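# Coordinates in review
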Amino acid sequence: MDKVSPDCPYPGCFFCVMKEGNPSKRRASILKFFRELPSQDDDGQVLPISGLWNTAMAHPNDPEFIELGIFECMAALTWKGLKNRRWLSHDQNIYIPYYAAHIIGSYTMNMEEFAESAVHAGVIPPLVELLRGRLTWVEQRVAVRALGHLATYASTFPSVSSHGEILELSIQLAMSSLEIVYSHFYQYVDRRLSYHCDLLTRGMGGVEMESRKAEEWASQLQCWSLQLINCFAFKPEFLPTICKPEFLVKLPGMWGGLVNENSPAGIGLLRTICHHKLGRGPVASCPGIIEALCNIARSSDDWQYMAIDCLLWLLQDPNTCHKVIDKAVPVLVDLAEITTLGDQKKLGDSIVNVLQDCIQSQGTGRTSVSSRTKEPIEELLNSKQRMKWEKNMPKEDLHIKQAAALVVKLEGNSLFSSGNISGAASKYSEALSLCPMRSKKERVVLYSNRAQCHLLLQQPLAAISDATRALCLHNPLNRHAKSLWRRAQAYDMLGLAKESLLDAILFINECSQSNDPDLCSRQNKVPDYAERLVKKQMRAAWLFREAAIKHGGVHCEGDARDVYGQDSDGSEWETASESDIGNDGRDEMGDDDDDIEWKNEDERKDKYDKATLKDIKQGYSVQIPEMNRNLEGTT
């Protein structure tokens, strides 16, 4: 450790020794550095620690520093920061516990043998102290991340679980993390700790950037807490601690926001809980959770399959089936024509089999199915039987059925155009009964058109049902733009901001990728009605909304006008809600684009605002592909 660059003022500089050309001397010097660093009080200690942090982030699977004692060094530095406040406040040492815990988490996230070395080095006790909040929420964030990685492995989980308070602390942190960050950082700009601002922005400061980053870190704090709890939830002995009503009812709302779209969030933990018999009972006893699972099961995000799994497991359990069947069946019937969802093949068949078992078990003491619940299941089973019959039908007969369905659909379009919305809905239903089951494209259009009718008739639940069926039939799954938009409107009618927001964003994404020439006339523009809905739902689904209300913040306020008319002065939005209002019959049977045309198209073109998708993204942490084409002729 004696080799020093002629220009370096620090004896035994870590960066200088890293340049040592002799591998054995280099390793010996690094080993000495890790052993001596915790006992030193020199200035500039944060510099090598930040360098180690960068190395750990870039090369988390490199074993060299693990073999030389980096975990022992980081544990000792964390203890020093916890016990010696004088040292912690000196120079820039305030950063060191954060970097130390982050380094531990980075080196343990992929390699089980590294995690075992970390446990043997004694990293868990100081991490637990950080988890308790002995310093600040910033250190809690990296501590729960590191503990979550250690709890992932079978060999190191017992060492984590032996600290009984970790689970309780994680549960409390998951429930309170957003309020903690809001009240300790977001709410009062002038009270923000300077080193927090530096960590969040990495030198690229500014109040707006700090606020955005705080939302991202707060959601990570919550999601990483849930990940740690999830490791405990795989063990039945911990379920009584986890499955307390005050925690379970909050889980569906712990979604991590748009910045954590890849996190399983609260629904991932619910799925783990429902996998166990001990967990299904408490979940089924909370009606709010079942309603939330139904909404997520219908959604188009990456968590959809998790909610479907939960509902299926609850229905298959004789002790919980009767508690959830009335709410779960309508949702699962809408989803029964899904083929592949993620890694799950023939998911629709699994749904049908479970629903069929519910019918067959009626009267056996397992469950009692009401007539209102039994009817859609029987209709579903009849449609499956109808599909089998159609396989044996002559092609000529199928063509006749297709032609008849087309005629009835055109009658429905005509009624819609004349303002007879309920009559149009009836015609679309008649066309669906005629249309061959294998004509999926045409059925997508019929369900989507009927969803539009339900919207105008102020029947949001029926609109959601039909839009969901259209999205399940569409190829690719959940990517039919018009159905996404109609369901976004229906969710908005019910006050389901998050669900409406996700569908509205997917709707914009689909428009940006469309090859429809009608969408190409105004590049990089967002329809005014779509922009307004996204902005409205972002306000309503804001991560800190509940905390802001509790602490008297004003950020959750703002223009909350109803986008269904008060904001549109009778122009764009009402026109957007009245698409599907005419068809000249040019499209072939089964084509997707004979959804009804816009009225007064030239007049509507002049009423677009200049807003672009970039305007939506400013002020909100959301990733949306830039829109390449404008939206025309789609609702």
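In the block above lies the structure referred to throughout.
In this report, the structure presented in the accompanying data block is examined. From a predicted model like this one, the values you see are computed outputs, not experimental measurements. (Residues numbered from 1 in each chain as written. Predicted model: local features only at pLDDT ≥ 70, side-chain atom pairs only at ≥ 80, totals over all residues. Heavy atoms only, no water.)

## Digging into the packing of helix H9 (residues 124-131) against helix H12 (residues 165-186)
Running from N to C, H9 and H12 point in directions that differ by 30°, and their axes come no closer than 10 Å. In terms of axis orientation, H9 runs roughly parallel to H12. H9 and H12 meet at a crossing whose hand is left-handed. Where H9 abuts H12, its residues Ile124, Val128 and Leu131 lie against Glu165, Ile166, Leu169, Ser170 and Leu173. Among the residues forming the contact of H9 with H12, the class breakdown is six nonpolar, one polar and one charged. (Axes fitted to C-alpha atoms, helices over the stretch in contact; angles between N-to-C directions. Helix = DSSP H or I, 4+ residues; strand = E, 2+ residues; numbered from the N terminus. Parallel < 35°, antiparallel > 145°, perpendicular 65-115°, else oblique. Left-handed = near helix turned anticlockwise from the far one by under 90°. Contact = heavy atoms within 4.5 Å. Nonpolar A, V, L, I, M, F, W, Y, C, P; charged D, E, K, R; others polar.)

## What about the environment of Leu251?
Locating Leu251 in the fold gives a position in the loop between helix H16 (245-248) and helix H17 (265-274). A relative accessible area of 0% places Leu251 in the buried class. For the pair formed by Leu251 and Gly266, sequence separation is 15 residues and the distance between their alpha carbons is 4.6 Å. (Buried < 20%, exposed > 50% of the residue type's maximum accessible area, 1.4 Å probe, protein only.)

## Remarks on unusual backbone geometry
In this chain, Asn475 is followed by Pro476 through a cis amide linkage whose omega measures 5°. Position of Pro476 among the secondary structure elements: in the loop between helix H27 (460-473) and helix H28 (481-493). One non-glycine residue with positive phi stands out, namely Ala265, at about 55°. By secondary structure assignment, the location of Ala265 is in helix H17. The class for Ala265 is buried, based on a relative accessible area of 5%. Here Gln458, not a glycine, exhibits a phi torsion of approximately 60°, which is positive. Relative to the helices and strands, Gln458 is located in the loop between helix H26 (440-456) and H27.

## Quick notes on the pattern of salt bridges
Going through the model one piece at a time under the given rule, you end up with 27 salt bridges. We note a salt bridge from Glu179 to Lys550, for which the minimum N-O separation is 3.2 Å. Taken together, the positions of Glu179 in helix H12 and Lys550 in helix H31 (residues 545-550) put the pair 371 residues apart, joining distant regions of the chain. Here Arg298 and Asp334 are joined by a salt bridge, their closest N and O atoms 2.8 Å apart. With a gap of 36 residues between them, Arg298 in helix H19 (residues 287-298) and Asp334 in helix H21 (residues 321-334) connect regions that are remote in the sequence. Across the pair, exposure class does not vary: Arg298 and Asp334 are buried alike. (Salt bridge = Lys/Arg side-chain N within 4 Å of Asp/Glu carboxyl O.)

## Side note on helix H24 (residues 395-418)
In this model H24 runs 35 Å from its N-terminal to its C-terminal C-alpha over 24 residues, within 8% of the 34 Å that 1.5 Å per residue would give. Within H24, burial applies to Leu398, Gln402, Ala405, Val408, Lys409, Gly412, Asn413 and Phe416. Where the residues of H24 are buried, they touch helix H23 (371-391), helix H25 (421-434) and H26. Two residues or fewer past H24, Gly419 is found with a positive phi of approximately 100°. (Expected span 1.5 Å × (residues − 1).)

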